[in-house]
Amino acid sequence: MNSRKYLEFAHVIGAAGECPVNKHKPWIETSYHGVITENTDIVLLDPPLVALDKDAPIPYAGEICAFNIHGLEAPFKAVVLNGTSGEGQLRAHGLVDCELQKEYTFIIQAHDCGSGPKGTEGKKSHKAVVHIQVNDVNEFAPVFREPQYHAAVTEGKIYDSILQVEATDQDCSPQYSQICNYQITTSATPFAIDRNGNIRNTEKLSYDRQQQYEIQVTAWDCGQKRALHSVPVHIDVKPVCKPGWQGGALITSVCAFGCHDFRKV
């Protein structure tokens with residue numbers, strides 16, 4: 001026992017004429033709200049975790065020896081930082097993962113040190129509810145749903161949307177799991193893409209000039225993490241066949257996704 005505590009202890013004995021007893025239970029708040037960022041171990045609590053005891057400054061009886069958590073499924077522990085002031089801290093047993101669980105709720109209770117340093121004959125506070133929210137970290141990059149995309153268009157037409165590509169993200173929060181932007185990374189192509197992944201042509205295509213295009217598309221989540229792999233998009237250009245004479249017969253050909261000849265003699 002240090003000198004200060006010894007004097008306080010002696011003062012109490014002298015005033016009361018008897019050994020001090022543990023008369024009071026510790027007191028804590030009725031509820032706490034906390035935030036922890038995934039892959040870290042310190043919980044930021046509001047209000048801070050502090051237990052008070054009216055037996056202070058009596059040694060042991062007025063000190064806090066432990067904070068106990070009720071709920072074995074909760075991956076947290078509470079530690080006493082200062083037994084005299086009653087200050088504590090909530091920590092995770094291991095690294096919490098927002099993708100596995102976004103929130104935790106459990107019960108916490110403070111214990112004073114009772115009549116000795118080992119907490120014998122200690123008293124417990126009321127049970128308080130703790131609600132913890134796990135903040136997301138932008139761990140995952142967007143991934144396209146398909147390994148590649150295919151489409152066909154008819155030459156000479158402007159399309160509002162030829163096809164739509166789609167990427168997903170495994171992060172747990174809307175900020176990091178949503179896809180905010182798509183981009184065509186192939187240079188000098190007659191195509192454009194919007195924020196929803198819809199690809200359109202920016203000029204009329206010609207079958208005689210080019211029959212197929214392959215463009216590369218990438219995606220970003222709303223945390224500005226880019227897809228690790230771009231996706232190839234293949235676009236075939238189909239000809240529009242014009243009527244003409246062949247061997248004395250008029251051929252009226254309709255071409256969209258393949259030509260079908262109808263002959264008029």
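Here's a quick rundown of the structure.

Thresholds applied
- Residues numbered from 1 in each chain as written.
- Predicted model: local features only at pLDDT ≥ 70, side-chain atom pairs only at ≥ 80, totals over all residues.
- Heavy atoms only, no water.
- Salt bridge = Lys/Arg side-chain N within 4 Å of Asp/Glu carboxyl O.
- Helix = DSSP H or I, 4+ residues; strand = E, 2+ residues; numbered from the N terminus.
- Buried < 20%, exposed > 50% of the residue type's maximum accessible area, 1.4 Å probe, protein only.
- Pairing = 2+ DSSP bridges.
- Axes fitted to C-alpha atoms, helices over the stretch in contact; angles between N-to-C directions.
- Disulfide = S-S within 2.5 Å.

A look at the pattern of salt bridges
Side chains bearing opposite charge may pair, as long as their charged atoms lie close to each other. In the structure shown here, the tally under the stated rule is two salt bridges. We note a salt bridge from Arg 145 to Glu 166, for which the minimum N-O separation is 3.2 Å. Of this pair, Arg 145 sits in the loop between strand 8 (143-144) and strand 9 (149-154) while Glu 166 sits in the loop between strand 10 (163-164) and strand 11 (167-168), and the two are 21 residues apart along the sequence. Its relative accessible area of 38% is what places Glu 166 among the partly exposed residues. Glu 203 is the salt-bridge partner of Arg 209, the closest N and O atoms lying 3.8 Å from each other. Residue classification places Arg 209 among the exposed positions, given a relative accessible area of 51%.

Description of the pairing of strand 14 (residues 198-201)
As paired elements, strand 10 and strand 14 share two bridges and run antiparallel to each other. Along strand 14, the bridge assignment pairs Leu 163 with Ile 199. Taken together, the three bridges between strand 13 (residues 191-193) and strand 14 define a ladder with antiparallel strand orientation. The partner of Phe 191 across the bridge, within strand 14, is Asn 201. Hairpin connection from strand 13 to strand 14: four residues lie between these consecutive antiparallel strands, with Gly 197 at a positive phi of about 90 degrees.

A look at the sheet that holds strand 3 (residues 64-70)
Strand order in the open sheet formed by five strands is 2-1-7-6-3, and the pairing between neighbours is mixed. Because the sheet does not close on itself, it has two edges, and the strands there are strand 2 (44-46) and strand 3. With direction set aside, neighbouring strand axes in the sheet form an average angle of 30 degrees.

So, the state of the cysteines
With the rule as written, the count across this model stands at three disulfides. Between the sulfur atoms of Cys 65 and its disulfide mate Cys 113 the distance is 1.9 Å. Looking down the S-S bond of the Cys 65 and Cys 113 bridge, the torsion is 110 degrees, so its handedness is right-handed. Separated by 48 residues along the polypeptide, Cys 65 in strand 3 and Cys 113 in the loop between strand 6 (103-112) and strand 7 (128-135) bring together distant segments of the chain. Cys 65 sits in the partly exposed class, given a relative accessible area of 33%.

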